[in-house]
Amino acid sequence: MPTLRSLRRLLPYYRPYRRSVAFGLVLVIFAAAFSSVVPWLLQRALDGIRAGAPLRSIWLLGGAMIGVTLVGGVGRFLMRQLLNSVSRWMEYDLRNDLFAHLEKVDPIYYARMRTGDLMARLTNDLSAVRMAAGPAIMYLTNTIAGGAFALGFMLHISARLTLIAAVPMAILPMIGLMLGRHIHARFEAVQAHFSDLTTLAQENLAGVRIVRAFRQEHAEMERFAALNEGYLVKNMRLAHMYGIMQPGFSIFAGLGMVAVVGFGGILVLNGTISIGAFVAFGMYLAMLTWPLIALGWVINLFQRGAASMTRLLDILDAKPALSEPAAPRTLPAAATGRSIEFRNVGFHYPTEQGQPTRWVLRDISFSAPAGATIGVVGATGSGKSALMDLVPRLFDPQEGKILIDGIDIRELSIGDLRRQIGYVPQESFLFSDTIGSNLTYGTEDEPAGRWAAGVAQLDETIDAFPGGYETLLGERGINLSGGQKQRAALARALARKPSIVLLDDALSAVDTHTEAEILRSLRETLAGRTALIASHRVSAIRDATWIIVLDEGRIVEQGRHGELLAAGGRYWSLLNRQQLEESIESDGAGELAAASD
Ligand SMILES: Nc1ncnc2c1ncn2[C@@H]1O[C@H](COP(=O)(O)OP(=O)(O)O)[C@@H](O)[C@H]1O
Ligand SMILES: [Mg+2]
């Protein structure tokens with residue numbers, strides 16, 4: 001049997017509800033006990049009638065049967081309410097924990113995990129765990145209690161008859177288990193297929209313009225129809241399995257009945273047991289059928305829940321590689337920005353075991369005095385983004401250290417460190433919310449958002465929107481152009497009034513003219529702040545106080561614009577090539593430049 005160990009990790013989630021669970025389980029046993037009394041009452045009534053008992057006592061027995069059934073029913077109802085709501089609450093707690101964990105894991109975790117996979121864990125796996133935590137426990141207790149009571153009465157009536165009936169009945173849990181496994185496999189296949197189908201539909205909806213422009217409607221329709229047919233077939237296979245289940249169980253339960261009627265009949269005829277006992281025995285046997293089927297089913301629920309829990313634990317046990325210092329140091333107040341220093345920094349992404357490490361940055365040393373603007377320039381892939389990511393500790397370097405105002409950033413609390421930083425990533429991501437809320441993300445400071453929009457030259461664009469700052473972005477709102485998105489991301493970073501500003505190729509989608517204008521107004525804003533500006537375009541960083549030229553993760557040149565030009569090295573050739581490209585483009589011969597790539 002596959003291991004159920006992972007389910008042990010659910011125990012802490014029971015803690016807040018342990019009273020409800022205990023009470024619910026007592027109710028399960030209580031309800032099972034009450035139900036099992038009914039056949040015994042019937043036996044008494046039948047044998048009483050044959051022995052010519054007074055009518056009153058028969059009525060009394062009838063009344064008792066109704067009463068017992070009612071009480072058992074109420075108990076069963078309460079237990080369902082109780083245990084189901086406990087399992088829902090546990091699911092709720094677990095879901096919150098999972099999300100909280102996902103907010104903490106390293107960015108690299110998301111590079112390994114597909115979003116669709118994470119979503120599946122948060123939905124399908126979570127509900128499988130809930131089934132194991134609530135309903136499965138309830139069925140198991142019910143099965144054991146109900147089965148034990150019925151079996152007790154049956155043994156009391158006739159041990160021999162019980163043995164005879166038990167043989168075909170023992171097969172029931174085995175079929176339950178087997179069928180359950182097949183159904184589970186087919187169900188998984190249906191689910192997997194469904195996610196392919198929805199992915200295709202979703203991509204077609206999102207990429208509707210591409211589909212139309214490339215005249216692929218027919219091809220897409222055919223692809224969809226094929227997937228849809230596969231989905232139908234898999235669903236039919238599942239339904240087929242469900243179809244077999246019911247009659248399959250009936251056959252074996254029926255065999256048990258046949259055995260009882262045959263041998264039980266003989267026992268009645270030779271007077272070993274009474275007619276009433278014979279009828280009651282049949283009823284107990286019928287009562288035993290469902291628990292025995294459920295047993296196989298329940299084992300399945302546990303196995304499924306355990307498998308799902310293992311997948312959830314993969315999230316819950318993912319430890320963030322970043323550690324908070326035990327006794328964080330605090331940064332002194334700074335009016336004129338903060339100094340940043342890289343000291344022999346070397347960094348590589350996590351590598352799989354056995355693979356050689358590929359350093360992304362090596363021997364990076366430079367120092368930016370408070371208030372300085374450092375330009376980082378280099379070809380794509382030279383490591384500019386990696387260098388930027390190290391400052392807010394999105395990753396930690398494996399070699400060397402980074403100091404802010406002379407303090408190793410690993411000695412600061414992560415919150416304190418990141419509060420200092422306004423980060424504009426290379427890929428600008430905005431939330432599907434109003435443009436205003438996007439600008440004030442993390443500050444809720446509206447005037448600051450408007451001021452920052454001005455610096456990023458976005459204010460006129462926003463004023464022209466139908467809803468101004470209340471305009472919705474994203475799927476149900478306006479789609480900003482690449483350059484507008486970048487400017488919004490810049491404004492969002494500035495609105496926090498950070499003492500350190502990181503721009504990672506943040507204006508790459510803006511034309512050189514607008515870029516120059518934004519940089520001009522940025523220069524005023526950046527006074528009193530320290531800035532790292534990474535760009536593959538020399539034009540964006542030529543006015544920086546200090547320029548670092550990166551190539552394949554190493555600093556190959558550094559200095560001021562004039563000095564670097566005079567040196568006639570890598571910087572000079574980068575600038576030359578870019579100026580040439582620009583002049584070709586402005587001559588209206590863009591094709592030429594494209595052809596020369
Ligand atoms: N998640 C990752 N895992 C492994 N390598 C990566 C990852 N992200 C980027 N790289 C590699 O790191 C190098 C530096 O990339 P990057 O810092 O983005 O360069 P730049 O910003 O200068 O274009 C590139 O060779 C890139 O392929
Ligand atoms: Mg980059």
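Residues numbered from 1 in each chain as written. Chains lettered and ligands numbered in written order. Predicted model: local features only at pLDDT ≥ 70, side-chain atom pairs only at ≥ 80, totals over all residues. Heavy atoms only, no water.

**Looking at the confidence of the model for the protein**
This is how it is decided: Per residue, pLDDT captures the predictor's confidence, and it can take any value from 0 to 100. In this text, helices come from DSSP runs of H or I with a minimum length of four residues, and strands from runs of E with a minimum of two, each type numbered from the N-terminal end.
This prediction gives the protein a mean pLDDT of 87; 97% of its residues lie at or above 70. Ranking the elements of the protein by mean pLDDT puts helix 20 (residues 590-596) last with 45 and strand 1 (residues 340-347) first with 96.

**Concerning the domain arrangement of the protein**
Note the cut-off: Where each domain begins and ends is defined by an automated method or by a domain database.
In terms of domains, the protein is made up of domain 1 (18-316), domain 2 (334-420 + 499-562) and domain 3 (428-497). A C-alpha centroid distance of 59 Å is found between domain 1 and domain 2.

**Some thoughts on the coordination of the magnesium ion (ligand 2)**
In ideal tetrahedral geometry, four donors around a metal make angles of 109.5 degrees, whereas ideal octahedral geometry with six donors gives angles of 90 or 180 degrees. Let me state the cut-off plainly: Distances define the donors: N, O and S atoms within 2.8 Å of the metal qualify, as do those within 3.2 Å of Na, K or Ca. Water is excluded, so some sites may look unfinished. When accessible area is computed with a 1.4 Å probe and restricted to protein chains, residues below 20% of their type maximum are described as buried, those above 50% as exposed, and intermediate ones as partly exposed.
Surrounding the magnesium ion (ligand 2) are the protein donor atoms Ser385 (OG) and Gln426 (OE1), at 2.0 to 2.1 Å. Here the residue Ser385 occupies a position in helix 11 (residues 384-390), and Gln426 occupies one in the loop between strand 6 (421-424) and helix 13 (435-439), the gap between them amounting to 41 residues. Owing to a relative accessible area of 23%, Ser385 belongs among the partly exposed residues under this scheme.

**Focus on empty space enclosed by the protein**
Threshold: Any residue with an atom within 4 Å of a point lines the site, the site being either a cavity, points on a 1 Å grid over the protein atoms alone where a 1.4 Å probe fits but cannot get out, or a pocket, an open set with protein on both sides within 12 Å along at least 5 of 7 lines. Grid points are joined across faces, edges and corners, and a volume is the space filled by probe spheres set on the points. For this scheme, ten residues count as nonpolar: Ala, Val, Leu, Ile, Met, Phe, Trp, Tyr, Cys and Pro. Four count as charged, namely Asp, Glu, Lys and Arg, and the remainder, Gly too, count as polar.
Taken as a whole, this structure holds 2 cavities of 30 Å³ or more when the rule is applied. Roughly 70 Å³ of volume is contained in the largest cavity. If you go around the largest cavity, the residues you meet are Leu503, Asp505, Ala506, Leu507, Ser508, Glu515, Leu519, Ile533, Ala534, Ser535, Arg537 and Ala540. Mapped onto the lining of the largest cavity, the elements with two or more residues apiece are helix 17 (512-526) and strand 8 (530-535). Taken together, the residues of the lining of the largest cavity sort by class into 7 nonpolar, 2 polar and 3 charged. The computed volume of the second largest cavity comes to approximately 50 Å³. What lines the second largest cavity is Leu10, Tyr13, Ser87, Met90, Glu91, Leu94, Leu126, Val129, Arg130 and Ala133. Looking at the lining of the second largest cavity, the elements with two or more residues in it are helix 3 (55-104) and helix 5 (115-157). Here the residues of the lining of the second largest cavity are counted per class, giving 7 nonpolar, 1 polar and 2 charged.

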